[in-house]
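The residues making up each chain are set out below.
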Amino acid sequence: MFVSKAAVVGGGTMGGEIAQAIAAADIPVVVKDIDQKFVDAAVEKARTVTEGQLARLVKKEKLTQEQADARLAEVMGQIVGTTTYEEFGDVDFVIEAVPEKMAIKQAVFREIDAATPGHAILASNTSALSVTEMAETTLRADKVVGFHFFYPASVMPLVEVVVGEETSQETATAAYNFAQAIKKQPIVCGEIPGFVVNRILMATIGEIWRAQEDQGLSLKAIDEAIAAAQVAPMGPFFLTDLLGLDTVLHVAEHLNESYGESFYVHRGLKQLVADGKLGAKSGGEGFFKDGEQTIPGDAEPDAEELVAMFTCRALIEACLLVEEGICSVRDIDLGMMAGAGLDPRRGLLPPFWKADVEGLDKVLEKIEMLEEKHGERFAPPVTLKRLVAQGRLGLSAGQGFYPYAQPDEGEQAETVKLETRGKVAIAWLANLPMNAVSPDVIRDLGTVWERVKAADGVGAMVIASSIPVVFSAGADIKAFTQMDEKAGAELIHAGHALLRDFGQAPVATIAAVNSIAFGGGCEVAMACDVRIAAEAAVFGQPEIKLGIIPGFGGTQRLPRLVGANKALEMNLVGDAVLSEEALELGLVNRVVPDHELLETALMWARKLAAQAPVAVGQVKSVSNKGDLDDGIEAEKHGFATAFNSEDAKEGISAFLGKRSPKWSGR
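In this report, we go over the structure that sits alongside the text. (Residues numbered from 1 in each chain as written. Predicted model: local features only at pLDDT ≥ 70, side-chain atom pairs only at ≥ 80, totals over all residues. Heavy atoms only, no water.)

With that out of the way, let us pick up the environment of alanine 228. Among the structural elements, alanine 228 can be located in helix α8 (residues 219-228). Among the residues examined, alanine 228 registers a relative accessible area of 64% and is labelled exposed. In sequence terms alanine 228 and valine 307 are 79 residues apart; their C-alpha atoms lie 9.9 Å from each other. (Helix = DSSP H or I, 4+ residues; strand = E, 2+ residues; numbered from the N terminus. Buried < 20%, exposed > 50% of the residue type's maximum accessible area, 1.4 Å probe, protein only.)

Moving on, we get to the side chain of threonine 240. Locating threonine 240 in the fold gives a position in helix α9 (residues 236-243). At a separation of 2.8 Å, a polar atom in the side chain of threonine 240 contacts the main-chain carbonyl oxygen of proline 236. Once residues lying within four places of it in the same chain are set aside, the contact partners of threonine 240 are Trp209, Leu245, Val248, Leu269 and Phe287. (Polar contact = N/O pair within 3.5 Å; in protein donor to acceptor, adjacent residues only side chain to side chain. Contact = heavy atoms within 4.5 Å.)

In this section: a negative patch on the surface. The grouping of Asp361, Glu365, Glu368, Glu371, Glu372 and Glu376 at the surface amounts to a negative patch. Residue position: glutamate 368 is located in helix α15 (residues 360-374). We classify glutamate 368 as partly exposed; its relative accessible area is 38%. (Patch = residues over 30% accessible without salt bridge, like charges linked within 9 Å, V, L, I, M, F, W, Y side chains within 5 Å. Areas by Shrake-Rupley, 256 points an atom, 1.4 Å probe, with all protein chains shown as cover. Salt bridge = Lys/Arg side-chain N within 4 Å of Asp/Glu carboxyl O. Lys, Arg positive; Asp, Glu negative; His and termini not counted. Charge placed at Lys NZ, Arg CZ, Asp CG, Glu CD.)

With that settled, the discussion passes to the state of the cysteines. As enumerated under the stated definition, the model contains zero disulfides in all. Cysteine cysteine 327 shares no disulfide, and the gap to the nearest cysteine sulfur, in cysteine 189, comes to 5.5 Å. Cysteine 528 takes part in no disulfide bond, and the closest cysteine sulfur to it belongs to cysteine 522, at a distance of 11 Å. Its relative accessible area of 4% is what places cysteine 528 among the buried residues. (Disulfide = S-S within 2.5 Å.)

With that out of the way, let us pick up the packing of helix α17 (residues 439-454) against helix α19 (residues 485-502). Two elements in contact, α17 and α19, have axes separated by 10 Å at closest approach and are oriented at 35°. Crossing of α17 against α19: the hand is left-handed. For the pair α17 and α19, contact is made by Pro439, Ile442, Leu445, Gly446, Trp449 and Lys453 and by Leu491, Gly495, Leu498, Asp501 and Phe502, respectively. Tallied by class, the residues present in the contact of α17 with α19 amount to seven nonpolar, two polar and two charged. (Axes fitted to C-alpha atoms, helices over the stretch in contact; angles between N-to-C directions. Left-handed = near helix turned anticlockwise from the far one by under 90°. Nonpolar A, V, L, I, M, F, W, Y, C, P; charged D, E, K, R; others polar.)

If you walk through the whole model with that rule in mind, you get 34 salt bridges. When the shortest N-O distance is used, the salt bridge between arginine 345 and aspartate 343 registers 3.0 Å. Its relative accessible area of 16% is what places aspartate 343 among the buried residues. Here the salt bridges share partners, and the residues they tie into one network are Arg199, Glu207, Arg313, Glu317, Glu324 and Arg377.

Our next topic: the nonpolar core. In this structure, Val196, Leu315, Ile332, Phe352, Leu384 and Phe401 are the most contacted members of the largest nonpolar core, which totals 65 residues. The element that contributes the greatest number of residues to this core is helix α12 (residues 303-323), accounting for 10 residues. Aside from chain neighbours lying at most four places away, what touches valine 196 is Glu160, Ile187, Cys189, Leu321, Cys327 and Ile332. If you look at the next biggest cluster of nonpolar residues, it comprises 52 residues, including Ile442, Ala517, Phe539 and Ala582. (Core = buried A, V, L, I, M, F, W, Y, C linked by side-chain atoms within 4.5 Å.)

On to a positive patch on the surface, then. Together, Arg56, Lys60, Lys62 and Lys658 line one region of the surface with positive charge. For lysine 658, a relative accessible area of 73% puts it in the exposed group.

Time to look at helix α14 (residues 351-358). All buried positions along α14 are accounted for by Pro351, Phe352, Trp353, Ala355 and Asp356. Structurally, α14 contributes buried residues whose contacts are with α12, α13 (329-340) and α15. Once α14 ends, the next one or two residues include glycine 359, with phi positive near 110°.

The subject of this paragraph is α15. In an α-helix, one turn spans 3.6 residues; hence positions three or four apart end up facing the same way. Here α15 spans 20 Å end to end across 15 residues, near enough to the 21 Å set by a 1.5 Å rise per residue. Of all the residues in α15, the buried ones are Leu360, Val363, Leu364, Ile367 and Leu370. When α15 is viewed along its axis, its buried side chains cluster within an angular range of 125° and face the same direction. The exposed residues of α15 that point more than 90 degrees off its buried face are Lys362, Met369, Glu372 and Lys373. Immediately downstream of α15, the backbone of glycine 375 shows phi near 100°, a positive value. (Expected span 1.5 Å × (residues − 1). Arc of directions from axis to C-beta.)

This brings us to the sheet that holds strand β4 (residues 93-96). The sheet built from eight strands is open, its strands ordered β3-β2-β1-β4-β5-β6-β7-β8 with mixed pairing. Either end of the sheet is taken by a strand with one partner, and the two such strands are β3 (79-82) and β8 (185-190). In this sheet, adjacent strand axes meet at a mean angle of 25° when their direction is disregarded. Pairing of strand β1 (residues 6-9) with strand β2 (residues 29-32), which is carried by four bridges, proceeds in the parallel orientation. The residue of β2 that forms the bridge with valine 9 is lysine 32. The sheet contacts of helix α1 (residues 12-24) involve β1, β2, β3, β4 and β6 (144-149), and relative to β1 the element is tilted by about 170°. Across the sheet, helix α4 (residues 102-115) lies against β1, β4, β5 (121-124) and β6, angled at about 165° from β5, the strand it touches most. (Pairing = 2+ DSSP bridges.)

Spatially, the three strands line up as an open sheet ordered β15-β17-β18, and their pairing is mixed. At either margin of the open sheet sits one strand with a lone partner, and together these are β15 (516-518) and β18 (577-578). Two strands pair when backbone bridges link them, and β15 and strand β17 (residues 538-540) are joined in this way by three bridges, in the parallel orientation. Bridge pairing in β17 places isoleucine 516 opposite valine 538.

The next subject is the environment of methionine 234. By the element assignment, methionine 234 lies in the loop between α8 and α9. C-alpha separation for the pair methionine 234 and alanine 340, spaced 106 residues apart in sequence, amounts to 10.0 Å. Look past the residues within four positions of methionine 234 in its chain and what remains in contact with it is Ile226, Leu239 and Leu242.

Remember that the coordinates give geometry; whether it matters functionally is a separate question.
See below:
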């Protein structure tokens, strides 16, 4: 399912920002509302956002003013405003962005179901409502999905792709790929009130709200304590004023109705909304006015306890989301990073990562103390207790919710670290920030591989990522473009020889794919004997989008794993494949919960390391015996031809310049 034209139903600020994100990706988009003034407001918002983005590029001297003006015309030329459904007959993806009332949304879904082609995906930008209930009003429940942007949509990178009861895997994958196409960071989650980020945020903010009203605490002091502790980018009261008190209240009341009093609703917030004091959107008066708080409370908070309640409740809700099968560990943390501003580069860590750094045993002890004081809403989650019982205490122990490299003593390669555990070795990819497959990575992985083969008694090697949120995002395009033809050819030959040896040597190889494995990262995984994928793992061969082809065996190993037809599709289209589909296709051997990935990979490694080395080598060598070497030679020539073409130069230039390529066919 591909998106050549999209539509947004619901104008105004949010509709305009969503439309702008789509148009900026060079995808035509229709904006529809019942009133022309809302359509005009959406189009004007899209123009304002685009002008601001381009002005920043001009200021940084990345564009001239003339180029910016031309680009503004291009982007705005992609947007059509309308008050009818006449433009919807050839739309592939519709995003509903009307008010958060189920009756209104269901009415809109009935209309767009009748106005769009049968293949079109119908998505809702709901922040909390049931996707399944909306889908029931259509004749295509399998093609209905949640597509939740975060405000402001022009700035916030997160999109929650929410899977309803009838949503098909194909629809979820198409929505994921569309989010990536418009330069957003998608996470996939199940349907539950609040989904992922809002559920965690409302749980944590609710604890602060409860403490403020129960103890008459100063709002300023609370916000300062939360910000100073670096558990959130800003205090909860200031944040609410920015987002809009009515918006926050709507979500808070919905979650309170859904989950009960464990999700607290601030009484003062309700009164402010009733009085029309909505924060930034109503002239600036909300919890604060001119820097002074507007509701009672002047007592100094116990900052340490407030922070403990905030962080522990976040971890508890995150664990429950995993235990309920709603979302994976990595996607929850990624959602909190992209949707709640928890940026590790600023020292703000998402729940699971933060718990690992602090130590899971210490966190569990803190939660147990809070449970004793505050009751069952602080009941320790089973997953946390299980990890502590296993001795998986986080960063210091080498494994908690995520695995962490503990390299062997002595000299280590720079971008790949070697860790030996008995008969099993782990090659940790450590090329920050995205584990790009660079010349250095190929060299260092080769060095580690030779050490593993020479080590006495080591019978298996796991390739894992030392970066919690990525396996490998693909080749280091910039490094490849800086090499001359001879050096490039030598690198290709060396990389192929290394990956070929993975499949022939008597040492078994297991790829533990925790997250994104694109391009060269996917090819490294495919070269291994076994691939274990986390639920959050995503695979793809996107080289075609740069005007080149896979260069490390992607045209040869992929057909052997998933079949010729699917491999051809993946290499021609370049879109991502989620873990569930990867398992169905045969691209991976197993899919496991994120936090069980390394343990499962090590279990496989121990089993294979115990097998007879000569027999292992022979099984690997004779399996799929055929024309792989001939095919790889053909791929080398094809890669060189594509890489040296004008289209490749344009594709790579567009990728590095963050623009859409314009192909010439040369």
